[in-house]
Amino acid sequence: MSPDEIRAIELLRRVSYGRLATSVRAMPLVAPARHVVAGGRVLLRMHEGLAHHEACDGSVVAYGADNFGSGSERVWSVQFSGTARVVEPTVEELAAFGTGPELVDGEPFAPVHLRIAPRFVTVHALDYAGGATGTRPAARPAGRHLHHAA
């Protein structure tokens, strides 16, 4: 693994949830997921009843997680892109996930698992000096302008 991949996995292990992104009929889909890192791959647990896993199985996806809102002076974000596959996790992997929620959108939680073999890994870091990020105004990257659609 490259140094960036090792760093991304170290960071990913610090949080439990992230967002899975793909497209369905050219429309974006972003869904929350619980993750663990096993064997250099990202393993996700989602609710089967939402059927997001069906859109992702065999497709290229992106999975991102971050420590936004942590109050840390060092804010980070990681993204893994690769092909997702529905899998049956090992007993050890299931134990690493811990207990799932009781309900998802009012229905009983039914877990389904996806494994992502990362092809591309991105790590971003934002450093704030002198205070937690929760007390600072939203910053724009230098040299870039935010445009909003009317």
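So, how was this worked out
Residues numbered from 1 in each chain as written. Predicted model: local features only at pLDDT ≥ 70, side-chain atom pairs only at ≥ 80, totals over all residues. Heavy atoms only, no water. Buried < 20%, exposed > 50% of the residue type's maximum accessible area, 1.4 Å probe, protein only. Helix = DSSP H or I, 4+ residues; strand = E, 2+ residues; numbered from the N terminus. Pairing = 2+ DSSP bridges. Axes fitted to C-alpha atoms, helices over the stretch in contact; angles between N-to-C directions. Contact = heavy atoms within 4.5 Å. Salt bridge = Lys/Arg side-chain N within 4 Å of Asp/Glu carboxyl O. Core = buried A, V, L, I, M, F, W, Y, C linked by side-chain atoms within 4.5 Å.

Draft legend 1. The arrangement of the pairing of strand 3 (residues 41-47) in detail. Strand 3 sits mainly inside the fold: six of its seven residues count as buried. Pairing analysis gives five bridges linking strand 2 (residues 27-38) to strand 3, with the strands arranged antiparallel. Bridge pairing in strand 3 places V37 opposite V42. Adjacent in sequence and paired antiparallel, strand 2 and strand 3 are bridged by two residues, among which G39 carries a positive phi angle near 60°. In the sheet, strand 3 pairs with strand 8 (residues 111-127) via six bridges, with the strands oriented antiparallel. Paired with M46 across the strands is V112, a residue of strand 8.

Draft legend 2. Spatial organisation of the sheet that holds strand 2. Here we have six strands rolled up into a closed barrel, ordered 1-2-3-8-5-4, and antiparallel in their pairing. Within this sheet the neighbouring strands show an average axis-to-axis angle of 40°, counted without direction. Bridge count between strand 1 (residues 17-24) and strand 4 (residues 60-66): three bridges; the pairing is antiparallel. Bridge assignment links R19 to a residue of strand 4, and that residue is G64. Across the face of the sheet, helix 1 (residues 3-12) comes into contact with strand 2, strand 3, strand 4, strand 5 (74-87) and strand 8 while running at roughly 95° to strand 5.

Draft legend 3. Region of interest: the pattern of salt bridges. A full pass over the atoms with the stated rule returns four salt bridges. Ionic pairing is found between D127 and R74, a salt bridge with its closest N-O pair at 2.8 Å. Of the two residues, D127 is situated in strand 8 and R74 in strand 5; the sequence distance between them amounts to 53 residues. For D127, a relative accessible area of 53% translates into the label exposed. Residue R74 is classed as partly exposed on the basis of its relative accessible area, which comes to 41%. Ionic pairing is found between E93 and R115, a salt bridge with its closest N-O pair at 3.2 Å. Of the two residues, E93 sits in helix 3 (residues 91-97) while R115 sits in strand 8, which places them 22 residues apart along the sequence. Comparing E93 with R115 shows no difference in burial state: the two are buried.

Draft legend 4. Summary view of the nonpolar core. L12, L20, L44, Y63, V78, F80 and I116 are the most contacted members of the largest nonpolar core, which totals 24 residues. When sequence neighbours within four positions are dropped, the list of residues in contact with F80 reads A8, I9, L12, V42, V61, A62, Y63, P118, F120 and V121.

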